[in-house]
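Breakdown of the fold
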Amino acid sequence: MKQNIYDNDTFFSKYQEIRARENNYNNLLEQPNFFRLLPTLKNKIVLDIGCGIGDFAAYCISQDAKSVTGIDISSNMIANAKKLHIHEDLYFEQVAFEDMKVSNGTIDFISSSLAFHYIADFQLLIKEISTALCEGGILVFSLEHPIETANMGKENWITNEEGNLLHFAVDNYQNEGLRTLNWLVDNVIMYHRTMSTIINTLIENGLQIEKIIEPIPTKEALCDLPSLSKEFRRPSFLIIRAKKI
Ligand SMILES: C[S@@+](CC[C@H](N)C(=O)[O-])C[C@H]1O[C@@H](n2cnc3c(N)ncnc32)[C@H](O)[C@@H]1O
């Protein structure tokens, strides 16, 4: 099932508020580690899946990529992307990944930041990515870590009466599939898969894993956002780089 939650106005404005904060998890934890895995972008044909407001796609253009296409299911996101980033080699399209058509072996680099946990059919997603990549092409993606997505929408942290964090609870880990949670609004849909499913799906589709990061904060990031200390107790994100062989 496809859900276009970023076109829910309440969700979108709350999401924009979070992203507008300088010290958020994206800026301090996910993005710096995502950037560590990037290939050389010069002269590359790039596809960014779940491109949001297009900042990463525009970054690829600034690094002399040959052409960059950002796709996103959300009209809010694509309207902002088109307004914010204008370049003759930069294209934005409002389309769900599931409905997109890409010619085989034509893309050098496919990126996706924090979108894959919204896509129901991971097997199909990775198969299509592998088909779209040229030989030696690179995929870099981040997603919510499986130990975060496992719980059936229940609170992961167990606290004492004073509200101090005691443990991080992981439950229903092997029970893959749809999760409905309250994040910014009720009934947000995500999909949980185990670490082995994620890794084996890449392997089975001819994608060689080159690096995996479960990010931890730098000292500077911890000063800017002390709640990041929780990242030493459990990872929030999983970031993977793989090569089409
Ligand atoms: C957390 S946001 C990340 C946006 C952007 N990658 C960034 O890092 O700023 C996830 C994005 O994935 C998009 N998305 C969710 N499901 C999608 C689908 N099936 N096809 C394409 N985009 C999707 C959402 O609309 C949203 O813009």
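Quick summary incoming for the structure in this document. (Residues numbered from 1 in each chain as written. Predicted model: local features only at pLDDT ≥ 70, side-chain atom pairs only at ≥ 80, totals over all residues.)

This part is about the overall build of the chain. The helix and strand tally for the chain stands at 8 helices and 11 strands. Here the C-alpha atoms of the chain give a radius of gyration of 18 Å, agreeing with the 18 Å that 2.2 N^0.38 yields for 245 residues. Scored against the burial criterion, the 245 residues of the chain give a buried share of 33%. Contacts spanning at least 24 positions in sequence make up 65% of the contacts within the chain whose residues lie at least 6 apart. (Helix = DSSP H or I, 4+ residues; strand = E, 2+ residues; numbered from the N terminus. Rg over C-alpha atoms; globule rule 2.2 N^0.38 Å. Buried ≥ 20, exposed ≤ 12 C-beta atoms within 10 Å, placed from the backbone. Contact = placed C-beta atoms within 7 Å.)

On to the site of the ligand, then. As a structural note, the neighbourhood of the ligand is formed by 18 residues, with G50, G52, S74, S113 and A115 the closest of them. Grouping the constituent residues of the shell around the ligand by class yields 11 nonpolar, 4 polar and 3 charged. (Near = placed C-beta within 6 Å. Nonpolar A, V, L, I, M, F, W, Y, C, P; charged D, E, K, R; others polar.)

This part covers the nonpolar core. Counting residues in hydrophobic clusters, the biggest one holds 49 residues, and the most contacted among them are A57, I110, I129 and L139. Broken down by element, the residue count for this core peaks at 6 residues, all from strand β5 (residues 133–144). Apart from the residues within four sequence positions on either side, I129 is in contact with I110 and L139. (Core = buried A, V, L, I, M, F, W, Y, C linked by C-beta atoms within 7 Å.)

For helix α2 (residues 25–36), spanning 12 residues, the distance from its first C-alpha to its last is 16 Å, which sits close to the expected 16 Å at 1.5 Å a residue. Structurally, α2 contributes buried residues whose contacts are with β4 (107–113), β5, α8 (219–224) and β11 (237–244). (Expected span 1.5 Å × (residues − 1).)

Moving on, we get to the sheet that holds β11. Taking strand neighbours across the sheet as the criterion, the 7 strands line up as β3-β2-β1-β4-β5-β11-β10 in an open arrangement whose pairing is mixed. Looking along the sheet, the strands with just one partner apiece sit at the ends: β3 (90–94) and β10 (207–213). Strand after strand, the sheet turns through a mean of 15° between neighbouring axes, direction not considered. Where strand β2 (residues 67–72) meets β3, 5 bridges bridge the pair, whose relative direction is parallel. Among the inter-strand pairings, I71 is bridged to a residue of β3, identified as E93. Strands β1 (45–49), β2, β3 and β4 of the sheet are contacted by helix α3 (residues 55–62), whose axis makes an angle of about 175° with β2. Along the sheet face, helix α5 (residues 122–132) touches β1, β4, β5, β10 and β11 and points at about 145° away from the line of β5. (Pairing = 2+ DSSP bridges. Axes fitted to C-alpha atoms, helices over the stretch in contact; angles between N-to-C directions.)

The element β11 is extensively covered by neighbouring structure, given that 7 of its 8 residues are classed as buried. Sheet topology places β5 next to β11; 7 bridges connect them, and they run antiparallel. Residue pairing across strands places L143 opposite L238, the latter belonging to β11. Relative to β11, β10 is paired through 6 bridges, and the arrangement is antiparallel. If you follow L207 over to β11, its bridge partner there is K244.

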